Amino acid sequence: MLTLQVAACLGIITGTFLLFRIRLNDFTGNIFRRLMGGPKGIREEILEETRRKKKSYLRREMEEVQGILAATDREDTFPVLCTVSLLLFAAGAALSIVIGNFFLVPVAAAGFMFLPFWYIKLTASHFKRDVSAELETALSIITTAYLRSEDILTSVEENLEYLNPPVKNVFQDFVSRIRLIDPDLEEALESLKGKISNDVFEEWVDALKACLYDRSLKTTLTPVVAKLSDMRIVNAELEYLVYEPRKEFITMVVLVMGNIPLLYFLNQSWYDTLMHTIPGQVMLSITGIVIFVSAAHVVKLTKPIEYRT
């Protein structure tokens, strides 16, 4: 009966969207834009700026994911991500209603809603590795060109076509700033320094700024670029260490969730107690809360690349 009611509800919602010609992406975009909206008053703004009042968890997660998508040159996918998140929210609630566990409805709905955002944060570590490799290539070829021409603007311009986003975007903005906005190289380099949070990159930019006053210092650029290779090796080892607790967590979740259908075949009465009594349903809800809270904690073990604009 509940299954038919859920199916009828989904049919009504779908028909309403079709009848009024409402696009799902627009609908979800408006919802998440309202959630992303800033404080309503001056007092709230002051409290947030002074960090005396924390932003909501959802807002913090969305802002962090937006930063990651901006860094990976995938900002256009954010509305799709919001749509998937809202659909998973509805799916989690519907699944809980279908199995008859109303205590699980808010837990499953909220947990499923965050799954797309957590996925983006987890894949950010892979992107960080790719960006480090791209940054190593970019600094290497630009440094080689600069050692030959002693002109940083020319060195960047002639190698832009060999770079890939988001590193290419950073240097493209650097060239556009000098050509179209402000020809001050030192200020442009200072702005460039803040685009990517990478210690070696910042050291390389500082070395370039020093070369503006003394060209003989250009020999210091090559050893700085060589550090990126060492960092790549160290980061690979650290990523392996970070991956271990994530793998163990996934294994434990599979074992815990797999015990529920297994219980159906081993002991029917225990399964009925777990699924169809209030104490059993509450226990399932508590288990869901523990799983989703633990998942949020595990995701924090891998921080996404910090990209500054």
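Note that the structure is a prediction, hence the values are computed from the model and not measured. (Residues numbered from 1 in each chain as written. Predicted model: local features only at pLDDT ≥ 70, side-chain atom pairs only at ≥ 80, totals over all residues. Heavy atoms only, no water.)

### Comments concerning the packing of helix α9 (residues 185-193) against helix α10 (residues 199-211)
Then step 1. At their nearest, the axes of α9 and α10 sit 9 Å apart, and the two run at 175 degrees to each other. Judged on the interaxial angle alone, α10 and α9 are roughly antiparallel. Side by side, α9 and α10 meet where Glu 186, Leu 189, Glu 190, Leu 192 and Lys 193 of the first sit next to Phe 201, Glu 202, Val 205, Asp 206, Leu 208 and Lys 209 of the second.
Then step 2. Across the contact of α9 with α10, the residue classes break down as five nonpolar, no polar and six charged. (Axes fitted to C-alpha atoms, helices over the stretch in contact; angles between N-to-C directions. Helix = DSSP H or I, 4+ residues; strand = E, 2+ residues; numbered from the N terminus. Parallel < 35°, antiparallel > 145°, perpendicular 65-115°, else oblique. Contact = heavy atoms within 4.5 Å. Nonpolar A, V, L, I, M, F, W, Y, C, P; charged D, E, K, R; others polar.)

### Quick look at helix α12 (residues 268-276)
Then step 1. Here α12 has its buried residues at Tyr 271, Leu 274 and Met 275. Buried residues of α12, viewed axially, fall in a sector of 85 degrees; they line one side. (Buried < 20%, exposed > 50% of the residue type's maximum accessible area, 1.4 Å probe, protein only. Arc of directions from axis to C-beta.)

### Here we look at the nonpolar core
Then step 1. Ranked by size, the top nonpolar core spans 33 residues in total, and within it Phe 171, Phe 174, Phe 201 and Trp 204 carry the most contacts.
Then step 2. When contributions to this core are tallied by element, the ones reaching two or more residues are α6 (105-149), α7 (152-157), α8 (167-181), α9, α10 and α11 (221-266).
Then step 3. When residues no more than four places from it in sequence are discounted, the contact partners of Phe 201 are Leu 135, Leu 139, Phe 171, Leu 192, Lys 193 and Ile 196.
Then step 4. Core analysis: the second largest hydrophobic core is formed by 23 residues, Met 113, Phe 117, Trp 118 and Ala 296 among them. (Core = buried A, V, L, I, M, F, W, Y, C linked by side-chain atoms within 4.5 Å.)

### Points about the side chain of Asn 159
Then step 1. Within the secondary structure layout, Asn 159 lies in the loop between α7 and α8.
Then step 2. A relative accessible area of 9% means that Asn 159 is categorised as buried.

### Examining the packing of aromatic side chains
Then step 1. Within the structure shown, the criterion is met by seven aromatic pairs.
Then step 2. Taken together, a centroid distance of 6.1 Å and an interplanar angle of 75 degrees make the contact between Phe 112 and Phe 292 edge-to-face. With Phe 112 in helix α6 and Phe 292 in helix α13 (residues 278-299), the pair connects residues that are 180 residues apart, well separated along the chain.
Then step 3. Classification of Phe 292 by relative accessible area gives buried; the value is 18%.
Then step 4. Their ring planes at 15 degrees and their centres at 5.8 Å tell us that Phe 114 and Trp 118 sit as a pair that is stacked. Placement of both Phe 114 and Trp 118 in helix α6 is noted, with a separation of four residues, approximately one turn of the helix.
Then step 5. Residue classification places Phe 114 among the buried residues on the basis of a relative accessible area of 11%.
Then step 6. Chaining the aromatic ring pairs together yields one cluster made of Phe 171, Phe 201 and Trp 204. (Phe/Tyr/Trp six-rings, centres within 6.5 Å; stacked < 30°, edge-to-face > 60°.)

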